[in-house]
Amino acid sequence: MVAKDYPFYLTAKRANCALEAQAAASPAKETEEPSTKRVKPLSRVTSLASLIPPVRTTPLKRFSQTLQRSISFRSESRPDLLSPRPWSRNMPPANTKRRDSKLWSETFDVCVNHMLTSKEIKRQEAIFELSQGEEDLIEDLKLAKKAYHDPMLKLSIMTEQELNQIFGTLDSLIPLHEDLLRRLQEVRKSDGSTEHVGHILVGWLPCLNSYDSYCSNQVAAKALLDHKKQDHRVQDFLQRCLESPFSRKLDLWNFLDIPRSRLVKYPLLLREILRHTPNDHPDQQHLEEAINIIQGIVAEINIKTGESECQYYKERLIYLEDGQRDSLIDNSRVVCCHGELKNNRGVKLHVFLFQEVLVITRAITHNEQLCYQLYRQPIPVRDLVLEDLQDGEVRVGGSIRGAFSNNERIKNFFRVSFKCGSQSQSHSLQANDSFNKQQWLNCIRQAKEKVTCAGKARVQNLEAHFLLSPNGSRVSQGETSLEQMDQSDSESDCCMDTSENNIDCERMEQTNSCESEKQLETDV
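Residues numbered from 1 in each chain as written. Predicted model: local features only at pLDDT ≥ 70, side-chain atom pairs only at ≥ 80, totals over all residues. Heavy atoms only, no water.

K.L.:
Before we move on, could you go through the packing of helix 9 (residues 118–154) against helix 11 (residues 170–186) and cite the residues and values that matter?
P.N.:
Their axes nearest at 9 Å, the elements helix 9 and helix 11 cross at an angle of 155°. Regarding the angle of helix 9 to helix 11, the classification is roughly antiparallel. Pair helix 9 / helix 11 crosses with left-handed handedness. Each of Leu130, Ser131, Glu134, Glu135, Leu137, Ile138, Leu141, Lys142, Ala144 and Lys145 in helix 9 lies in contact with helix 11, whose residues at this interface are Leu170, Asp171, Leu173, Ile174, His177, Glu178, Leu180, Leu181 and Leu184. (Axes fitted to C-alpha atoms, helices over the stretch in contact; angles between N-to-C directions. Helix = DSSP H or I, 4+ residues; strand = E, 2+ residues; numbered from the N terminus. Parallel < 35°, antiparallel > 145°, perpendicular 65-115°, else oblique. Left-handed = near helix turned anticlockwise from the far one by under 90°. Contact = heavy atoms within 4.5 Å.)

K.L.:
Outline the environment of Leu201, listing residues and values.
P.N.:
Looking at the secondary structure, you find Leu201 in helix 12 (residues 198–204). Judged by its relative accessible area of 1%, Leu201 falls in the buried class. Setting aside anything within four residues of it in sequence, one finds Leu201 in contact with Leu130, Leu180, Pro206, Leu270, Leu287 and Ala290. (Buried < 20%, exposed > 50% of the residue type's maximum accessible area, 1.4 Å probe, protein only.)

K.L.:
Which residues make up the side chain of Thr277, and what are the values?
P.N.:
Position of Thr277 among the secondary structure elements: in the loop between helix 17 (258–275) and helix 18 (283–315). The class for Thr277 is buried, based on a relative accessible area of 3%. Within the structure, the side chain of Thr277 is placed 2.6 Å from the backbone oxygen of Ile273, a separation counted as a polar contact. Here Thr277 is in contact with Lys119, Arg123, Asp283, Gln284 and Leu287, once residues within four sequence places are set aside. (Polar contact = N/O pair within 3.5 Å; in protein donor to acceptor, adjacent residues only side chain to side chain.)

K.L.:
Give a description of the packing of aromatic side chains that names residues and reports values.
P.N.:
Applying the stated criterion to the full structure yields 8 aromatic pairs. With 6.2 Å between their ring centres and 65° between their planes, Tyr148 and Phe246 make a pair best called edge-to-face. In this pair, Tyr148 is assigned in helix 9 and Phe246 in the loop between helix 15 (232–243) and helix 16 (252–256), connecting sequence segments 98 residues apart. Taken together, a centroid distance of 5.3 Å and an interplanar angle of 80° make the contact between Tyr312 and Tyr313 edge-to-face. In this arrangement the basic side chain of Lys222 is found over the ring face of Trp253, its NZ or CZ atom lying 5.8 Å from the centre. Stacked on the ring of Tyr375, the Lys or Arg Arg376 has its end atom at 4.3 Å from the ring centre. (Phe/Tyr/Trp six-rings, centres within 6.5 Å; stacked < 30°, edge-to-face > 60°. Lys NZ or Arg CZ within 6 Å of the ring centre and 35° of its normal.)

Below you can see the structure in the form of structure tokens.
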């Protein structure tokens, strides 16, 4: 029985192998049956993708092509963004490669154990970060001009005057940073190490004073850009740029704000280099001098930028009556805090906290410009009363539901009030969140402290200037000195008169004594 079954087993096995080979040779038959309905969509997608040529240009050159493509065409590049392949030429190399954090030890061939110590490697990393940051900054500034400024001017999306207001002196900053990058590259050795950078920074940092005009213009530039975004052509252009690969999901204002953020980063970079520099290194003294220079420049630019911002908002205040004008507003040089708040009725207000006065306004459009109309009389900070209100303590819209509800509308309130004679005000203001509320509370408290300290110092100066006169009235030092001079003169006059009177009395006494003596002789 076993002998009979054995040939049958071989025959069956051969038949199965033949069936498997036949199935492997003709796989289309198996796929056709379950996927008949999916064949047509796949063919359509394939035909659509075949119409799109591969993009092999650089990001700056690819800008015009990206804007001209439709939304359906732009969606093709999304899978590449989700799964980047560094070896693929279709990927934008500058977008991913340039923004990856580069290390000096990875860029150059460094033998750590043989040549440099760990501290020296950290110093070289800090110097390389400074140089690499300059290179990135230059590329971003050029991108902002070539991808935003020039196309909007060429397509008449904005006028030349508007673009000059928005971009300011951006062009003048590019050669400035190219100069520093060139100097840093010149002192770099063939092995990638840099020995001395302090003398370069001391000589170059004073050039950053040119940032004064650029940073002072940013408040007006941001306001104009926000206003122009209401134009559908401007909004459409900026949106297309934002969706393009070259932007790295950054809008135009992010590019325009890069120089300012770079400026405030210089002190941190220089301190990092100094921290890893030995005390006996020649760069030690130069780096300390460079840090003092950049700190002074940043402080000066901050002051001028604050004054420019304050002047900008003061010029856009609209007074409903002359009684609302206040000298405290005119004399203010800094805006301590400003932003949008709501009152307990839900009305949106724009509140300005100047140095010595709180101004509550409404944002309006006047002559196609965003202006701020005074809502109430300005409140002097020295007389302002600040209250931190607990959640649910404020009545919203005149109801009492705020005391029993946890609604978002009754959270993050604080109250400012003012009373002087017959004038009194009280405003319950709501911030967007608890963090914003705390910022307002801190700013108002700091402003009150400064005004109080300034008032005490003024009183001390007045007390030093005015002295108490002998009769109990207050007179100035000048008047006191004059009185002292008058008293000394009168005393001297009195002394002179008394001496003369004494002399006359003596003469009279002598005369009387002589006459009496003669009378006695006559009598004898």
